[in-house]
Amino acid sequence: MAEQWQDVLDHAVAVAQKAGKVGLLENPDYFIPLVLFIGEESVAAGEPCDLTDEPTWIIDPIDGTTNFFPLAFLLIMGVVYSCLEDKMFVARRGKGAFCNGKQLRVSDQKDIHCSIVATEFGSNRDGGAVEKIFSSLRKVVCLPVHGVRGAGSAAINLCLVASGCVEAYYEIGVHVWDVAAGALMVTEAGGVLMDVEGGALDMMSRRILAANNRHIAEQIVGQIQAFTPQRDDAPPQQQ
Ligand SMILES: O=P([O-])([O-])O[C@@H]1[C@H](O)[C@H](O)[C@@H](O)[C@H](O)[C@H]1O
Ligand SMILES: [Mg+2]
Ligand SMILES: [Mg+2]
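Residues numbered from 1 in each chain as written. Chains lettered and ligands numbered in written order. Predicted model: local features only at pLDDT ≥ 70, side-chain atom pairs only at ≥ 80, totals over all residues. Heavy atoms only, no water.

## Some details on the state of the cysteines
One covalent bond between the sulfur atoms of two cysteine residues makes up a disulfide. Using the following cut-off: By definition, disulfides here are pairs of cysteine sulfur atoms that lie within 2.5 Å. Type-normalised accessible area, obtained with a 1.4 Å probe on protein chains alone, sets the label of each residue: buried when under 20%, exposed when over 50%, and partly exposed for intermediate values.
Using the criterion set out here, one finds zero disulfides in the structure. Between Cys-114, a free cysteine, and Cys-142, which holds the nearest cysteine sulfur, the sulfur-to-sulfur gap is 17 Å. With a relative accessible area of 40%, Cys-114 lands in the partly exposed category. We note that Cys-165 lacks a disulfide partner, and the nearest cysteine sulfur, in Cys-99, lies 8.9 Å from it.

Set out below in structure tokens:
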């Protein structure tokens, strides 16, 4: 069984590498042989976005809309390819997270004042939401933290947490295909995931906080003005 999953992961890495070269996924059939499928483009086309216990590929062909190719085999394996940097991030549940073969480990920083926090403004332009995003960011900056970053890709921001380059990343408005692969990268590198209000992470809630440790995460939770976007698995009639 273990070897079967390794073959699947090797295949996903090869596909990600190829997609990084051509910029687009040429043949979605690569992902179909054995599992269910949730993808940004398929959901946009009206396909369901339901997470079941069945093995499911969760794919964002281009995240950050320019350079990146993340995909995930939810909770079992994740692949994020940063093609401009030629960095292949791979995680497998219980077996660690790696970048170009080198094992990743989150930062051991415990002081929020020495921490770098990544976030994004996302794509929601609703006035109330934008207000809360700015207000949260202002409060995080004034903790104070050491710095704020945004890679322009949820997947890459999560890989930065996993790599120890930033201590935390949070965002409200992401989709499951933006974060599934990177979330596994974070936990396999020793980090923590939670909801932006401090509860358990709900992958379909469109809210995520990832950090190197619980102490850092909880201090950021205290600064976030949360709001509740429509869930990824909301029934189609509500969308
Ligand atoms: O639309 P897309 O470029 O695949 O994904 C987006 C990127 O990850 C962006 O950094 C994040 O702020 C958005 O919330 C995502 O939806
Ligand atoms: Mg995306
Ligand atoms: Mg995308």
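So much for the structure itself; the text now carries on.
## With respect to the pattern of salt bridges
Between side chains of opposite charge, pairing is possible as soon as their charged atoms come close. Heads up, the rule is: We define a salt bridge as a side-chain nitrogen of Lys or Arg found within 4 Å of a carboxyl oxygen belonging to Asp or Glu. Strands here are runs of E lasting at least two residues and helices are runs of H or I lasting at least four, both read from the DSSP assignment and numbered beginning at the N terminus.
Overall, the coordinates contain five salt bridges when judged by the stated rule. Measuring nitrogen to oxygen at the nearest pair gives 2.7 Å for the salt bridge that ties Glu-197 to Arg-207. Taken together, the positions of Glu-197 in the loop between strand E11 (192–194) and strand E12 (207–211) and Arg-207 in strand E12 put the pair 10 residues apart, joining distant regions of the chain. Between Arg-231 and Asp-233 there is a salt bridge; the shortest N-O distance is 2.8 Å. You can call Arg-231 partly exposed: its relative accessible area is 32%. Judged by relative accessible area, Asp-233 falls into the partly exposed class, the value being 28%.

## Digging into the coordination of the magnesium ion (ligand 2)
Counted only if it meets this: Donor atoms (N, O, S) are those found within 2.8 Å of the metal centre, with the cutoff raised to 3.2 Å for Na, K and Ca; water is not part of the atom list, so apparent gaps in a site can occur.
Those protein atoms acting as donors to the magnesium ion (ligand 2) are Asp-60 (OD), Asp-63 (OD) and Asp-178 (OD), and they sit at 1.8 to 2.1 Å. In primary-sequence terms, the residues that donate to the magnesium ion (ligand 2) follow D-x2-D-x114-D. Between the magnesium ion (ligand 2) and the magnesium ion (ligand 3), a spacing of 3.4 Å is present, and a bridge between the two is formed by Asp-60. Here Asp-178 lies in helix H5 (residues 176–188) and Asp-60 lies in the loop between strand E2 (56–59) and strand E3 (68–73), a separation of 118 residues in the sequence. Taken as a pair, Asp-60 and Asp-178 share a single burial class, namely buried.

## A few points about the UniProt feature "binding site: Mg(2+)" (unreviewed entry) in the protein
Condition: UniProt positions are given in the numbering used here, feature names are shortened, and annotations may be inferred rather than shown by experiment. It only takes one pair of heavy atoms within 4.5 Å for two residues to be counted as in contact.
Taking the UniProt record as the reference, the feature "binding site: Mg(2+)" (unreviewed entry) is found at Glu-40, Asp-60, Ile-62, Asp-63 and Asp-178. Maximum C-alpha separation among the annotated residues is 9.6 Å over a sequence range of 139 residues, consistent with a single clustered spot. Assignment of secondary structure puts Glu-40 in helix H2 (residues 40–44). Exposure remark for Glu-40: the relative accessible area of 27% places this residue in the partly exposed category. Beyond its immediate sequence surroundings of up to four residues, Glu-40 is in contact with Ile-59, Asp-60, Ile-62 and Trp-177. The exposure class of Asp-60 is buried, given its relative accessible area of 1%.

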